[in-house]
Amino acid sequence: MFNLVIFGAPGSGKGTQSENLIQNYGLYHISTGDVLRDHIKRGTELGKIADAFISDGKLIPDDLMINILADVLDKNADATRNGVIFDGFPRTIEQAKALKTMLAERGTQVNAVIGLEVAEEELIDRLIKRGKDSGRSDDNLETIKKRLDVYHNQTSPLRDFYIAEGLYEAIHGSGTVEGIFADIRTAIDARR
Ligand code: AP5
Ligand code: MG
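Notes on the structure in this doc start here. Please read these numbers as outputs of a predicted model, since none were measured by experiment.

What counts as what
- Residues numbered from 1 in each chain as written.
- Chains lettered and ligands numbered in written order.
- Predicted model: local features only at pLDDT ≥ 70, side-chain atom pairs only at ≥ 80, totals over all residues.
- Heavy atoms only, no water.
- Helix = DSSP H or I, 4+ residues; strand = E, 2+ residues; numbered from the N terminus.
- Rg over C-alpha atoms; globule rule 2.2 N^0.38 Å.
- Contact = heavy atoms within 4.5 Å.
- Near = heavy atom within 4 Å.
- Polar contact = N/O pair within 3.5 Å; in protein donor to acceptor, adjacent residues only side chain to side chain.
- Areas by Shrake-Rupley, 256 points an atom, 1.4 Å probe, with all protein chains shown as cover.
- Nonpolar A, V, L, I, M, F, W, Y, C, P; charged D, E, K, R; others polar.
- Pairing = 2+ DSSP bridges.
- Axes fitted to C-alpha atoms, helices over the stretch in contact; angles between N-to-C directions.
- Expected span 1.5 Å × (residues − 1).
- Buried < 20%, exposed > 50% of the residue type's maximum accessible area, 1.4 Å probe, protein only.
- Arc of directions from axis to C-beta.
- Core = buried A, V, L, I, M, F, W, Y, C linked by side-chain atoms within 4.5 Å.

**Brief notes about the overall build of the protein**
- What the protein contains, in helices and strands, is 9 helices and 5 strands.
- Taking 16 Å as the expected radius of gyration for a compact globule of 192 residues, we find that the protein reaches 16 Å, a close match to that expectation.
- Overall, the C-alpha framework of the protein stretches about 40 × 40 × 30 Å when taken along its three principal axes.
- Across the protein, the fraction of contacts at a sequence separation of at least 24, relative to all contacts at a separation of at least 6, is 76%.

**Focus: the site of ligand 1**
- In the vicinity of ligand 1, 30 residues are found, and the nearest of them are T16, K58, R91, R130 and R147.
- Contact distances for ligand 1 include 3.3 Å between an oxygen atom and a backbone N or O atom of S12.
- In this structure, an oxygen atom belonging to ligand 1 sits 2.9 Å away from a side-chain N or O atom of R37.
- Here ligand 1, which alone exposes 1000 Å², has 85% of that area covered by the protein.
- For the shell around ligand 1, the elements supplying multiple residues, two or more each, are α1 (14-25), α2 (32-42), α6 (120-131) and α9 (177-189).
- Among the elements that line the shell around ligand 1, the one with the most residues is α2, at 4 residues.
- When grouped by side-chain class, the residues that make up the shell around ligand 1 number 11 nonpolar, 10 polar and 9 charged.

**Side note on the sheet that holds strand β1 (residues 4-8)**
- Across the sheet, 5 strands lie side by side as β2-β3-β1-β4-β5; this open sheet has parallel pairing. Looking at the sheet topology across the chains shown, the edges are occupied by β2 (28-31) and β5 (168-172). Each strand of the sheet is rotated relative to its neighbour by a mean of 20°, with strand direction disregarded.
- The sheet contact formed by β1 and strand β4 (residues 112-117) spans 5 bridges and is parallel. What sits directly across from G8, in β4, is L116.
- Sheet strands touched by α9: β1, β4 and β5. Its angle to β5, the strand with the most contacts, is close to 160°.

**Looking at helix α5 (residues 93-105)**
- Spanning 13 residues, α5 covers 18 Å between terminal C-alpha atoms, matching the ideal 18 Å at 1.5 Å per step.
- For α5, the complete set of buried residues consists of Q95, A96, A98, L99, M102 and L103. Along the axis of α5, the buried residues cluster in a sector spanning 160°; they form a single face. Exposed residues on α5 whose side chains face more than 90 degrees from its buried face are K97, A104 and E105.
- Looking at the packing, one finds that the buried side of α5 touches β1, α4 (62-75), β3 (84-87) and α8 (157-164).
- Backbone geometry just downstream of α5 places G107 in the positive-phi region, at approximately 75°.

**Some details on the nonpolar core**
- If you look at the biggest cluster of nonpolar residues, it comprises 38 residues, and the most contacted ones within it are V5, F86, L99, V113 and Y162.
- It is α4 that provides the largest number of residues to this core, a total of 7 residues.
- With sequence-adjacent residues up to four places away left out, Y162 is seen in contact with V5, P90, A96, L99, V113, L167 and Y168.
- Judged by nonpolar contacts, the second largest core, of 16 residues, contains I6, I114, I184 and A187.

**A look at the environment of N24**
- When you line up the elements, N24 lands in helix α1.
- Exposure remark for N24: the relative accessible area of 34% places this residue in the partly exposed category.
- Through-space distance from the C-alpha of N24 to that of R185 is 9.0 Å; in sequence the pair is 161 residues apart.
- Residues contacting N24, with those up to four places away along its chain left out, are F181 and R185.
- Within polar-contact distance, the side chain of N24 engages the side chain of R185 at 2.6 Å.

Below, the structure is given as structure tokens:
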């Protein structure tokens, strides 16, 4: 079993590189953003709560988000047998500690954290471009700026958290998708 966290700012390529990871390593992909957007689409109670936070570029509260993740893990116990790609989770130190506990309770752990590092101007360019046809309520300049602030204030401290755990692999996240994936592969294969 090999669990990895794909980590980085909004637009850094977490979703894009997850596609390559799924194909190459047969891991189960959990994108908390996708999970929440699916609830919004289905009009669930949770979707109504999530919609307000996402449209405003804010994080869903930790206790709620942690329960959602535990539920996804439990409902997909079979599919996650080979390991999981956590995309967009954790986003706070509290979530990272909860993930550690949750995995320990299931007899496993995070094996690597792939940190996609991309310059801010490029992140904004990518998200604005994507916003032209993504239909995402948070892909507009005002909300993109809020998401980046939230990333700097609440999420980027996780970089040091995972460096201290000996798990962080810094990956230069600009260039071709294939070139970046080659670097990710090298980092993962050294830990498998
Ligand atoms: P989430 O869905 O996780 O969004 P995000 O972190 O803001 O990141 P994105 O999905 O926008 O970017 P990405 O890194 O996946 O990049 P992508 O591959 O798409 O979260 C959305 C919201 O949900 C949060 O703001 C929050 O409200 C809530 N939420 C989610 N998880 C939560 C949690 N754990 N706790 C609390 N709240 C939570 O690439 C972006 C674009 O760039 C694409 O168009 C892509 O084609 C392009 N691109 C990718 N790679 C390259 C490249 N190498 N060169 C050029 N373009 C590229
Ligand atoms: Mg994404």
